[in-house]
Amino acid sequence: MGVELAIRLYQRRFAQPLHTAHGPWVWREGLLLRLRDSLGRVGYGEVAPIPWFSSESVAEALAFCHAQGGEWRCGEIPNSLPATQFGLESAQADLAGQIAGQESAIPTDSLANAAICGLLPAGETALEIAPQRLAQGHRTLKWKIGVGSIADEIRWLDQLVGNLPSDARLRLDANGGLSLAQAEQWLTACDRINANPQLATVEHLEQPLPPDQLAAMTALGERYHTAIALDESVATLAQLEHCWQQGWRGVFVVKPAIAGSPQQLEAFCQQHQPHLVFSSAFETIVGRQAALAIAARCSPSLAPALGFGTQGWFADDWDTLTPAELWDRL
Ligand SMILES: [Mg+2]
């Protein structure tokens, strides 16, 4: 016998459209799932796909969930639906009492920001915003690069690093947009900064080259001291396993909400102990709690900082609601 499965579709608007390689991202769409057993206990889950990150579409997720006929029997979910695997498995975990409170190792006040990577806007504006992020308690900051001219951006990097305290850490995210020659220029600049102990540290350069250039990124990792992180290359657990098999031993950015089965992700982490940085996929409180619970289980020290500096990015008050309140709102 299964448990009752209810589905609600949501749409929320970004306060400012997010710039992506696929154009502006205006609306975040997804599904909230609610499982209810015969005792009336409920568990919430979220399907928050990012189709340009190898996820299924919301329509595909919805079709699979509807096909269950209002009942969830813990059947198999195809690997082609990684965000649905996350949503249904985490709803089951929540129903079993394994989600709520599990992320509480991660405090939510401003002290917590020390454990969370703060986001900086692309371009020169980062110089203005960085002091605000530090004042909010963040110690690790992330800056998108490859947006303007490389000469300008490396000059701003030097200014940014010069303004940060020496214990601050900076992640640079190229979203796969650099050429090999540009990646070499960036890594040279990062190594120069990291050789000076009086300056803030560049923690890693994220996805310098497109996902199909894994061998080139592995070679860069061997030539430079600054770590390289894969993000777009490892959207799903299957891709993560592939890159691991190909010998990648640098950092992996993992977005649990789109990676696939949380159980399999945890098993992979326990088996191989990879260098992971957990990150948000702009999910609601429901997916966020489940993703943070996975992060806390896979990386109990909560180091390195979590890429969950995504609250306050939407033009609504959902970040202030509990999962049950959000469900009732939809
Ligand atoms: Mg990234």
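Structure: see above.
Residue positions are counted from 1 within each chain, in the order its sequence is given. Confidence filtering applies because this is a predicted model: local features only for residues at pLDDT of at least 70, side-chain atom pairs given and counted only at 80 or more, and all residues used for totals across whole chains, interfaces and linings. Water and hydrogen atoms play no part in the side-chain values, which are based on all heavy atoms of the structure.

1. Let's talk about unusual backbone geometry
And step 1. Positive phi values are uncommon outside glycine, yet Cys74 reaches one of about 60°.
And step 2. Secondary structure is summarised from DSSP: a helix means a run of H or I of at least four residues, a strand means a run of E of at least two, and numbering begins at the N terminus for each. Checked against the element boundaries, Cys74 lands in the loop between strand E4 (71–72) and helix H2 (82–95).
And step 3. Unusually for a residue other than glycine, Gln207 sits at a positive phi of about 40°.
And step 4. With respect to the element layout, Gln207 can be found in the loop between strand E8 (201–206) and helix H6 (214–223).

2. Some remarks on the coordination of the magnesium ion
And step 1. Summarising the metal site, the magnesium ion is bound by the protein donors Asp173 (OD), Glu206 (OE) and Asp231 (OD), whose distances to it range over 2.1 to 2.2 Å.
And step 2. Within one chain, the residues donating to the magnesium ion are spaced in sequence as D-x32-E-x24-D. With Asp173 in strand E7 (residues 169–173) and Glu206 in strand E8, this residue pair connects regions lying 33 residues apart in the sequence.
And step 3. Relative accessibility decides the category of a residue: with a 1.4 Å probe and only protein chains considered, values under 20% of the type maximum give buried, values over 50% give exposed, and everything between is partly exposed. In this structure Glu206 comes out as buried when scored by relative accessible area, which is 2%. Coordinating donors are taken as N, O and S atoms within 2.8 Å of the metal, stretched to 3.2 Å for Na, K and Ca; because water is absent from the atoms, sites can appear incomplete.

3. A short note on the state of the cysteines
And step 1. Two cysteine sulfurs form what is called a disulfide whenever their separation falls within 2.5 Å. Inspection of every chain in the model, using the stated rule, returns zero disulfides.
And step 2. In this structure Cys243 is a free cysteine whose sulfur lies 14 Å from that of Cys269, the closest cysteine sulfur available.
And step 3. Free cysteine Cys298: the closest other cysteine sulfur is in Cys269, separated by 3.5 Å.

4. Describing the packing of helix H7 (residues 237–245) against helix H9 (residues 262–272)
Helix-helix packing is described using two parameters, namely the angle between the two axes and the distance between the axes.
And step 1. For helices, the fitted axis covers only the stretch in contact; all axes are lines through C-alpha atoms, and the angles between them, taken along N-to-C directions, range from 0 to 180 degrees. H9 packs onto H7 with a crossing angle of 20° between their chain directions and a minimal axis gap of 10 Å. Compared by their axis directions, H7 and H9 come out roughly parallel. Once H7 is placed against H9, the crossing between them reads as left-handed. Here H7 contributes Leu237, Leu240, Glu241 and Trp244 to the contact with H9, which in turn contributes Gln264, Leu265, Phe268 and His272. With respect to orientation, any angle under 35 degrees is reported as roughly parallel, any angle over 145 as roughly antiparallel, any angle of 65 to 115 as roughly perpendicular, and every other angle as oblique. It is the rotation of the near helix from the far one that decides the hand of a crossing: anticlockwise by less than a right angle makes it left-handed, clockwise makes it right-handed. For this analysis, residues touch if any pair of their heavy atoms sits within 4.5 Å.

5. Considerations on helix H3 (residues 125–135)
And step 1. Along H3, the residues classified as buried are Ala126, Leu127, Ile129, Ala130, Arg133 and Leu134. The buried residues of H3 occupy one face: seen down the axis, they fall within an arc of 165°. Along H3, the residues that are exposed and aim more than 90 degrees away from the buried face are Glu128 and Ala135.
And step 2. If you follow the buried residues of H3, they end up packed against strand E5 (117–120), strand E6 (140–144) and helix H4 (150–163).
And step 3. At the C-terminal side of H3, Gly137 shows a positive phi close to 105°. Each direction from the helix axis to a C-beta atom contributes to the arc, which is the arc of those directions.

6. Quick word on the side chain of Glu266
And step 1. Here Glu266 shows up in helix H9.
And step 2. For Glu266, the contacting residues outside a window of four places in its chain are Arg297 and Cys298.

7. Details of helix H5 (residues 180–194)
Since the α-helix advances by 3.6 residues per turn, residues separated by three or four positions end up pointing in the same direction.
And step 1. Taking 1.5 Å per residue as the helical rise, H5 with its 15 residues ought to reach 21 Å, and the 21 Å between its terminal C-alpha atoms agrees with that figure.
And step 2. Tucked into the core, H5 has its buried residues touching E6, H4, E7, E8, H6 and strand E9 (227–230). One less than the number of residues in a helix, times 1.5 Å, gives the span that helix is expected to have.

8. Some words on the sheet that holds strand E11 (residues 275–278)
And step 1. Two strands pair if DSSP finds at least two bridges between them. Pairing is parallel in the open sheet, where seven strands are placed in the order E5-E6-E7-E8-E9-E10-E11. The strands lining the two open edges of the sheet, one partner per strand, are E5 and E11. Within the sheet, the average angular offset between the axes of one strand and its neighbour, ignoring direction, is 30°.
And step 2. Here two bridges tie E9 to strand E10 (residues 251–254), and the two strands are oriented parallel to one another. In the sheet register, Leu230 faces E10, and the bridge partner there is Phe252.
And step 3. In the packing of H3 onto the sheet, contacts are made with E5 and E6, and the angle to E5 comes to roughly 155°.

Function cannot be inferred from these measures alone, as they are strictly geometric.
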